[in-house]
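# Architecture at a glance
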Amino acid sequence: MLALLAVLWPARARASPGFSETCEQALSKQQVDDLLDRLRPIAAAGPCTLGRVDTSLFRTQIEWVSEAGSHTALLGPRGCVLEATHEGADLAYYAPPELGERCPAALAGLRGFVGDAHEQLAPLMPEQVPVISDVTDGEADESISGIEIADPLVVASVAWLAALLLGVTALVQRWRQRAANHVDRGVDQDDRGWAVAMATLFVFALVPRFMVVASVGNWYGSFLPVEGLGELRFGATAAVLQAVVRHLSPWTVGVAFALARVVGALAVPLVVLLVRRLGGSLSAGIVAGLLLALAPIAVRLSASSSEHVLAGTLALAAWVVWQRAAADPSPVPRLLSVVLIVLAVLTRVDCWPQLSLIVLWSLLGPVFGSGRANWLPAGRRWADALYFGLCWVAIGVYGWFRLVVPSRHPGPELDGIRDAAKLLFSQFWTATVTPPHWISPLCLGLAVVGVGVAASRRRWSGLVAAALSLALIFIPIGRNLTHDGLTGARYFVLALPVLVLLAAQVGEAANDYLQGPRARHRRALLGAGAVMIAMLGSLAARPGWRHEYTFQAEYVFLAKQLQSRELEGCTLWFVRPRQATDEPDLDCCLAPDRSPLRLLAPELRFRSMPSAGEPNDAQGCHLYYRGSVCEIDPSLAPRAPQTVALILDQCDRLRRRAGPLVLGREQVTPDSLGQRWQGPPSIELIGRFE
């Protein structure tokens, strides 16, 4: 973490206004001529004069002169201008603040030329809520040139360092406590048993996560680029972690996916430890760990670029540490838990509502019985809950003003909230019986049995905590598991841990049953039960592990094609699934420039087809990707007719420019978040080298 001092601040400095290194062909001559035609009347009207328009190396710099001096604006395609203050459908620009103060007409003319990227996220399927999008369009933060103390990047960096120091402090305290108390051999063996189980299940969880094909969790989503910090729309925690790894090792797409897989697998030993902190037996912990290790949602997201994987692991870590505070009067776990919540919120701010469930489980008492838990008095735990609530609210206020408001992301709709409440429990059945069974039938079956076991033993506190937790996970954000499959499920970062806690009641019951005269067969029977759960769980999870959406198949196709070619100086032309209209997103097809392909092929320039006119591809190495978006059936997207018309027009122009040299062609699955094709769409990569 100390490497942040040498990594993050210089990285932020490198992101000062300018052009990216892969922006040699920024604007065409026709675009520059159109720009001059627009700016000359503004210059003639005053008060500022047009000093020069420099298009050397195809990088457009526009100098305006006022009484206070010269003010230079930078103009180029989206993704080419560093620290852009405004982005349109195809272009973006950086304008210094003094240009708007001294030459407002000039700034207005530049903005009019660039245009706006109008977005309105709306449901595409009947009675479903909007889909959260991670793509930034529109106006960016103009104060980003300097680092503020409250900047999410600074807060996330400090939080990582604080978490590291507090974690080391907690370990030292634990070691000293054990040494001072002369822990007896039985307790030491019990601790070793838990440690071995956690380590074994962590390794076990890595196996399916490395077995499944790495891809994207949505039609967009990327890692940190080779240089700089990229886009930090919903938080900076993941960027800080990836920046440290990038500084300490080669930063390739393989390393990035491996990091995501390891982070996802860490949730498994954490849920085992959570069971212990809640008073459960080792058998209960193993059941919970096995089910989470094999869960299709967790496995597939861990092998993707989704930031929700890190958010989920941090949220679970905060929960585990807070449960430690229920039995430990030291301030360290209370501080560490809050720091981990900060990190989780700064990874994905939309996980903030469900983090409030953490405190419920320490208030309602041990959920597996009180025999193994030695908790603090109820009065102390309620005082801690007040502290937790105040910190949670403060973090939420910070996240609202520093992340939610700048992102201009639409909030949940009332209809979505009602649907989430209505489907709170039935959604699990739907997600289980509907292919590809994102909720494992084995997991849901054991959870239902676990509810019965808890009710029969009058463990009402655990059932109440679970019901309230599910309400806090789904209702505030107005979403449910029946919406958008894997892509929608990524938002519920604590849903699976709650579900496996209920299933762990079965392991607790088995442990209690194998006591007394049956104890001599206890280890063999429990071991056989664990093997049976692992085998049945793997079989039940295979459809989810193998399932592929259209945008995932597109990513895999392009990754294979690009990995096998020399791409130095080449440009990849494609059609964006999102167009500058007021219509809802199609949510179907890969956006190559917003995917890990940028890290896989850092030397490749990504260019979207212009909304009008021809691309600037007269010379050089050019690749043309005709994706699934080019085969959309307009009749299957009735709510986005203008978007589809723009897409199909750009696809036609792309195909005409591409030429006959087909480098790769493949037919992919039509399974997307909504039906967009009458049959399997075909995708192809075409090359032209002049």
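Residues numbered from 1 in each chain as written. Predicted model: local features only at pLDDT ≥ 70, side-chain atom pairs only at ≥ 80, totals over all residues. Heavy atoms only, no water.

### A short note on the environment of Leu 494
Residue placement: Leu 494 occurs in the loop between α20 (485-489) and α21 (495-513). Judged by its relative accessible area of 0%, Leu 494 is buried. Along the backbone, Leu 494 and Thr 313 are 181 residues apart, and their C-alpha atoms lie at a distance of 9.0 Å. Contact partners of Leu 494, with chain neighbours within four places excluded, come to Ala 315, Leu 316, Trp 319, Gln 354, Leu 355, Leu 357 and Ile 473. (Helix = DSSP H or I, 4+ residues; strand = E, 2+ residues; numbered from the N terminus. Buried < 20%, exposed > 50% of the residue type's maximum accessible area, 1.4 Å probe, protein only. Contact = heavy atoms within 4.5 Å.)

### As for the pairing of strand β7 (residues 91-94)
Burial along β7 is two-sided: Leu 91 and Tyr 93 facing one way and Ala 92 and Tyr 94 facing the other are all buried. The pairing of strand β4 (residues 69-77) with β7 spans four bridges and is antiparallel. By the bridge assignment for β7, Gly 76 is matched with Ala 92. In this sheet, β7 lies alongside strand β6 (residues 86-87) in antiparallel orientation, the contact comprising two bridges. Bridging from a neighbouring strand, His 86 pairs with Tyr 93 of β7. Taking the residues that link successive antiparallel strands as the turn, the β6-β7 hairpin has three residues. (Pairing = 2+ DSSP bridges.)

### What about the environment of Phe 425?
Within the fold, Phe 425 resides in the loop between α16 (414-422) and α17 (426-433). It is 8.9 Å that separates the C-alpha atoms of Phe 425 and Ala 467, two residues lying 42 residues apart in sequence. Contact partners of Phe 425, with chain neighbours within four places excluded, come to Ala 467 and Leu 470.

### Comments concerning the environment of Trp 361
Tracing the sequence through the fold places Trp 361 in helix α14 (residues 358-363). On the accessibility criterion, Trp 361 (2% relative accessible area) is buried. Residues Trp 361 and Ala 466 lie 105 residues apart in sequence; the distance between their C-alpha atoms is 8.6 Å. Apart from residues lying up to four places away in sequence, Trp 361 is in contact with Leu 278, Trp 319, Gln 323, Val 367, Trp 375, Gly 462, Ala 465, Ala 466, Ser 469 and Leu 501. Polar side-chain contacts of Trp 361 include one of 2.9 Å to the side chain of Ser 469. (Polar contact = N/O pair within 3.5 Å; in protein donor to acceptor, adjacent residues only side chain to side chain.)

### Digging into the sheet that holds strand β10 (residues 605-608)
Taken in spatial order, the five strands line up as β10-β9-β11-β13-β12 in an open sheet, and their pairing is mixed. The sheet terminates laterally at β10 and β12 (662-667), the two strands that pair on one side only. Within this sheet the neighbouring strands show an average axis-to-axis angle of 15°, counted without direction. In this sheet, strand β11 (residues 621-626) lies alongside strand β9 (residues 570-574) in parallel orientation, the contact comprising four bridges. Bridge pairing in β11 places Trp 573 opposite Tyr 624. Across the face of the sheet, helix α23 (residues 550-563) comes into contact with β11, β12 and β13 (682-689) while running at roughly 30° to β13. (Axes fitted to C-alpha atoms, helices over the stretch in contact; angles between N-to-C directions.)

### Details of the side chain of Ser 304
Within the secondary structure, Ser 304 sits in the loop between α11 (296-302) and α12 (308-325). Residue classification places Ser 304 among the buried residues on the basis of a relative accessible area of 2%. In terms of polar contacts, Ser 304 uses its side chain to reach the backbone carbonyl oxygen of Leu 301, at 2.7 Å. Reaching out from Ser 304, the side chain makes a polar contact with the backbone nitrogen of Ser 306 at a distance of 3.2 Å.

### Brief notes about the packing of helix α19 (residues 460-474) against α21
Their axes nearest at 10 Å, the elements α19 and α21 cross at an angle of 160°. On the basis of their axis angle, the class for α19 and α21 is roughly antiparallel. The hand of the α19/α21 crossing is left-handed. Contacts from Leu 463, Ala 466, Ser 469, Leu 470, Ile 473 and Phe 474 of α19 reach α21 at Ala 495, Val 498 and Leu 502. Across the contact of α19 with α21, the residue classes tally to eight nonpolar, one polar and no charged. (Parallel < 35°, antiparallel > 145°, perpendicular 65-115°, else oblique. Left-handed = near helix turned anticlockwise from the far one by under 90°. Nonpolar A, V, L, I, M, F, W, Y, C, P; charged D, E, K, R; others polar.)

### Points about the confidence of the model for the chain
Averaged over every residue, the pLDDT of the chain is 86; the share at 70 or more is 88%. Per-element averaging of pLDDT across the chain places strand β8 (residues 138-139) at the bottom with 34 and α11 at the top with 97. Across residues 1-15, where pLDDT falls below 50, the model places 33 contacts with residues more than four positions away in sequence or in other chains. Below pLDDT 50 for its whole length, residues 118-146 participates in 97 contacts with residues either more than four positions away or in separate chains. (pLDDT = per-residue confidence, 0-100.)

### Here's the deal with the nonpolar core
Membership of the largest hydrophobic core comes to 161 residues, with the highest contact counts inside it found for Trp 319, Leu 355, Trp 361, Phe 474 and Tyr 555. No other element matches α12, which puts 13 residues into this core. Inspection of this core shows a minimum of three residues originating in each of domain 2 (152-177 + 190-546) and domain 3 (550-689). Aside from chain neighbours lying at most four places away, what touches Trp 319 is Leu 274, Leu 357, Ile 358, Trp 361, Leu 494, Pro 497, Val 498 and Leu 501. If you look at the next biggest cluster of nonpolar residues, it comprises 19 residues, including Leu 586, Cys 588, Cys 589 and Cys 630. (Core = buried A, V, L, I, M, F, W, Y, C linked by side-chain atoms within 4.5 Å. Domains from an automatic or database assignment.)

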